[in-house]
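Survey of secondary and tertiary structure
Each chain, written out:
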Amino acid sequence: MSKQTRPVSNEATGNSRDGFTSSFGVLAATLGSAVGLGNIWKFPYVTGANGGAGFLVVYLLATLLVGLPVMIAEISLGRRAKADAITTLRTLAPSGQKWWLVGLSGVIAAFLITSFYSEVAAWVFAYVFKAIRGDILSSDPAVTSAAFGALISDPWQSLLWQWGVLLLMGGILAFGVAKGIEAVTKKLMPLLFILLIVIGIRSLMLPGAAAGLAFLFTPDWSKLSASVVLVAMGLAFFKLSIGMGTMITYGSYFRDEQNIPATTFRVMTADLFVSMLAGIAIFPAVFSFGFQPAAGPSLLFITIPAVFASMPFGHLLMVLFFVLSAVAATGAMLSLLEVPVSVMVGRFAISRPVATAITVLLLALVGASCALSNNTLADTKLFGMTFFDLFDYLSSNILLPLGGICICLFVGWIWGKEQLSATLSNHGVLSNGKIVSMVYLLLKFITPVLIALVMLKGLGWL
Ligand code: PFF
């Protein structure tokens, strides 16, 4: 079934590098990075709580004005340099300028995000097993809440599930880009869509489903405010995995003939579609059984099990739902871990399996602080936050926006329009001059200003 791996050749150095081997592979891996736990617990609730269709319009604008240009910029840089995030910026920047620090900040952000993201993924994987065994099959939220509490307050369970997830990701990454990341995401992405559609249809068929759809889609323009606009932009950032070198790294694996703007647009729309489907799978069911919509862990691990336990065939659907969530988390985590792995392989010439082992080991150590944030280290706080919350805060509110601004400024003011145009047109093969001009204009003047506003607002300085 698996096709022969076609190494990507680097015209500059003549080296051959592991990379994605087909157009579908590029799409599956890149979409795999964008689609994640963000679609399942963050997007639907944030949409419903902030004005439904009105919020969607704002989110769409944020994605088009901020997400899309930065993603296109990152992928272009990566594909041009065909190198890891640090080397890419080092190679493309004029000598003596320290733009590679942006790549380094990306590696640090990848570590911080993976530390807490892997813990949430750990709960999801644990819930696949708990759902199969019927441990969480109760329609009483008090019971499902106690079950979740028992899991997260147990340090060993939290640690072992997290380490298990990291080992699984490391096992996939050790196979390489084509035979690991691409091969796995090509199978998982179609599975994700099938599961979402099955659960969505079931949810829509429930009596009272309309209230859930109304929560999601009824426009309530009165809820739109400056801070809602900023929430939408922050979400677009996290959703599209930008601002931290992930897309530079994946861009370096893109094929030379890949149409970067078209692929980016497809990833963005497919990611949006997954978020909508997740909302359609979740909220009609939540409302149909009279539960309150919630956000974050309590939606996923307390409300959802109770909702499924209330409906016919709920046991099977609950298993499918957590498998779906595990699938979504896997594609996102692979892209997060690939950032440091590619740096070790590219900069320090460490073999891929050893680089993967070092990354997993380091993450097991750093990530442990997040696994223990709900139990042993619950009272250990820095700036009033547990490690879990601190890592989330530092990455989302500081490192990602800062990385995004720097990428815009680098492409807009240093790399320049000619280079961007050469890469986006595949050296004149595609005639997409208008798109290039638009992306360039956004990157140079508009997007960095918008991101700066999000960041300052997030930090409470505005
Ligand atoms: N895009 C992922 C999600 O929405 O869950 C999260 C993510 C993955 C963020 C990879 C950053 C990243 F590099």
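Parameters and conventions
- Residues numbered from 1 in each chain as written.
- Predicted model: local features only at pLDDT ≥ 70, side-chain atom pairs only at ≥ 80, totals over all residues.
- Heavy atoms only, no water.
- Near = heavy atom within 4 Å.
- Polar contact = N/O pair within 3.5 Å; in protein donor to acceptor, adjacent residues only side chain to side chain.
- Areas by Shrake-Rupley, 256 points an atom, 1.4 Å probe, with all protein chains shown as cover.
- Helix = DSSP H or I, 4+ residues; strand = E, 2+ residues; numbered from the N terminus.
- pLDDT = per-residue confidence, 0-100.
- Contact = heavy atoms within 4.5 Å.
- Patch = residues over 30% accessible without salt bridge, like charges linked within 9 Å, V, L, I, M, F, W, Y side chains within 5 Å.
- Salt bridge = Lys/Arg side-chain N within 4 Å of Asp/Glu carboxyl O.
- Phe/Tyr/Trp six-rings, centres within 6.5 Å; stacked < 30°, edge-to-face > 60°.
- Buried < 20%, exposed > 50% of the residue type's maximum accessible area, 1.4 Å probe, protein only.
- Lys NZ or Arg CZ within 6 Å of the ring centre and 35° of its normal.
- Axes fitted to C-alpha atoms, helices over the stretch in contact; angles between N-to-C directions.
- Parallel < 35°, antiparallel > 145°, perpendicular 65-115°, else oblique.
- Left-handed = near helix turned anticlockwise from the far one by under 90°.
- Nonpolar A, V, L, I, M, F, W, Y, C, P; charged D, E, K, R; others polar.

Before going further, it helps to spend a moment on the site of the ligand. Near the ligand you find 15 residues, and of these Ala-34, Gly-38, Tyr-117, Lys-239 and Thr-246 are the closest. Note that an oxygen atom of the ligand is positioned 3.2 Å from one of the backbone N or O atoms of Leu-37. Measuring from a nitrogen atom of the ligand, one finds a side-chain N or O atom of Ser-241 at 3.2 Å. Within the complex, 100% of the 340 Å² of free accessible area of the ligand lies under protein. Elements with a minimum of two residues in the shell around the ligand: α1 (23-34), α2 (37-49), α10 (226-239) and α14 (314-348).

Let us now look at the confidence of the model for the protein chain. Summing up the model confidence of the protein chain, the mean pLDDT is 91 and the portion of residues at 70 or higher is 97%. This model gives residues 1-14 a pLDDT under 50, and the stretch forms 26 contacts once residues within four places in sequence are excluded.

With that settled, the discussion passes to a nonpolar patch on the surface. A surface patch of nonpolar side chains, about 620 Å² in accessible area, is lined by Val-57, Leu-60, Leu-61, Leu-64, Leu-65, Trp-221 and Phe-265. Examining the composition of the nonpolar patch, we find that five residues originate from one element, helix α3 (residues 53-81), more than from any other. Checked against the element boundaries, Phe-265 lands in helix α12 (residues 260-288).

With that settled, consider the packing of aromatic side chains. For the structure shown, the criterion picks out 24 aromatic pairs. With a centroid separation of 5.1 Å and 75° between ring planes, the pair formed by Phe-43 and Tyr-59 is classed as edge-to-face. Here Phe-43 is found in helix α2, whereas its partner Tyr-59 is found in helix α3, with 16 residues between them in sequence. For the pair shown, Phe-43 and Tyr-59 are each scored as buried. Feature note: the residues Phe-116, Trp-123, Tyr-127, Phe-148, Phe-301, Phe-308, Phe-321, Phe-322 and Phe-388 constitute an aromatic cluster, connected by ring pairs. For the cation-ring pair, Arg-90 lies above Trp-100, with the distance from its terminal atom to the ring centre recorded as 5.1 Å. In this structure, Lys-444 packs its charged tip against the face of Trp-413, placed 4.3 Å from the ring centre.

In this section: the packing of helix α9 (residues 209-217) against α12. Following both chains from N to C, one finds α9 and α12 inclined at 130°, their axes separated by 7 Å at the closest point. With respect to their mutual orientation, α9 and α12 come out oblique. As for how α9 packs across α12, the hand of that crossing is right-handed. Contacts between α9 and α12 pair Ala-209, Ala-211, Gly-212, Leu-213, Phe-215, Leu-216 and Phe-217 from the former with Met-276, Gly-279, Ile-280, Phe-283, Pro-284 and Phe-287 from the latter. Here the contact of α9 with α12 is built from residues that sort into 11 nonpolar, two polar and no charged.

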